Amino acid sequence: MTSFILKLIACLSMLIDHTGYLFFPDNIILRYIGRISFPIFAFQISEGFIHTKNNKRYLLRLFLLAIISQYPFSLIFQSEKLHLNTIFTLFLGLLSITIYNKNKTLGMVSAIIFTILASIIHFDYGRIGILLIVSYYIFRNKKLYLSPSY
């Protein structure tokens, strides 16, 4: 399966999830279908890190997308407190594996700090999302370890 097909599946399941949230809030099945999207996006982030030619630009583009998409996210998923969208979680996951790639110990420490930050500030998918991205990267060639980490 190509990464393009995976992205289509992730986008379609996310669209189904958001449609269910907005128009059919009592239909939990649509929300469950949408839960397929984040693990795919997390996998694509770790794969994108491996294949990108310029990681700084990859980080910058993801951060800018997170900022731009925060306002629509806040309008749709209203919350009393600060709640950051999924793309911020993807950004912190990418930042974690970027640091991990340079220094494994510092990378693990940063991942732990980012998971705490994500829990305090209320990132969408929070600490689990960041840890999933990091585990996809660390265990990318160790399928036996990847399944239990998921």
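Check the entry above for the structure.
Residues numbered from 1 in each chain as written. Predicted model: local features only at pLDDT ≥ 70, side-chain atom pairs only at ≥ 80, totals over all residues. Heavy atoms only, no water.

Draft legend 1. Structural detail: the overall build of the chain. For the chain, the count of helices and strands is 8 helices and 0 strands. Start at the N end of the chain and walk to the C end: the helices and strands fall as α-α-α-α-α-α-α-α. In terms of overall dimensions, the chain is globule-like: its C-alpha atoms have a radius of gyration of 15 Å, near the 15 Å expected for 150 residues. A principal-axis box enclosing the C-alpha atoms of the chain has dimensions of 45 × 35 × 30 Å. Considering the chain as a whole, with its 150 residues, one finds that 40% of them fall into the buried category. Of the contacts formed within the chain by residues at least 6 apart in sequence, a portion of 60% connects residues at least 24 apart. Carbon and sulfur atoms form 69% of the exposed surface of the chain, whose accessible area is close to 9500 Å². (Helix = DSSP H or I, 4+ residues; strand = E, 2+ residues; numbered from the N terminus. Rg over C-alpha atoms; globule rule 2.2 N^0.38 Å. Buried < 20%, exposed > 50% of the residue type's maximum accessible area, 1.4 Å probe, protein only. Contact = heavy atoms within 4.5 Å. Areas by Shrake-Rupley, 256 points an atom, 1.4 Å probe, with all protein chains shown as cover.)

Draft legend 2. Looking closely at the packing of helix 6 (residues 104-121) against helix 7 (residues 126-138). Interhelical geometry of helix 6 versus helix 7 gives an angle of 155 degrees and a closest axis separation of 7 Å. In terms of orientation, helix 6 and helix 7 fall into the roughly antiparallel class. Across from Met108, Ala111, Phe114, Thr115, Ala118 and Ser119 in helix 6, the residues of helix 7 making contact are Gly126, Arg127, Ile130, Leu131, Val134 and Ile138. The class makeup of the residues in the contact of helix 6 with helix 7 is 8 nonpolar, 3 polar and 1 charged. (Axes fitted to C-alpha atoms, helices over the stretch in contact; angles between N-to-C directions. Parallel < 35°, antiparallel > 145°, perpendicular 65-115°, else oblique. Nonpolar A, V, L, I, M, F, W, Y, C, P; charged D, E, K, R; others polar.)

Draft legend 3. Expanded view of helix 7. Between its first and last C-alpha atoms helix 7 spans 19 Å; for 13 residues at 1.5 Å apiece the expected length is 18 Å, and the two agree. The buried fraction of helix 7 amounts to 10 of the 13 residues, a majority that puts the element mostly inside the structure. Every buried residue of helix 7 is accounted for by Gly126, Gly129, Ile130, Leu132, Ile133, Val134, Ser135, Tyr136, Tyr137 and Ile138. (Expected span 1.5 Å × (residues − 1).)

Draft legend 4. Main features of the packing of helix 3 (residues 37-51) against helix 7. Between helix 3 and helix 7, whose axes approach to 9 Å, the crossing angle comes to 45 degrees. Judged by the inter-axis angle, helix 3 sits oblique to helix 7. Where helix 3 crosses over helix 7, the handedness of that crossing is right-handed. Along its contact with helix 3, which presents Phe38, Pro39, Ala42, Phe43, Ile45, Ser46, Phe49 and Ile50, the element helix 7 presents Gly129, Leu132, Ile133, Tyr136 and Tyr137. The residue inventory of the contact of helix 3 with helix 7, partitioned by class, reads 11 nonpolar, 2 polar and no charged. (Left-handed = near helix turned anticlockwise from the far one by under 90°.)

Draft legend 5. Structural view of the packing of aromatic side chains. Summed over the entire model, instances satisfying the criterion amount to 7 aromatic pairs. Judged by centre distance (5.7 Å) and plane angle (85 degrees), the rings of phenylalanine 43 and tyrosine 136 are edge-to-face. Pair noted here: phenylalanine 43 is in helix 3 and tyrosine 136 is in helix 7, with a separation of 93 residues, a long-range link. Residue phenylalanine 43 is classed as partly exposed on the basis of its relative accessible area of 29%. For tyrosine 136, a relative accessible area of 11% gives the class buried. (Phe/Tyr/Trp six-rings, centres within 6.5 Å; stacked < 30°, edge-to-face > 60°.)

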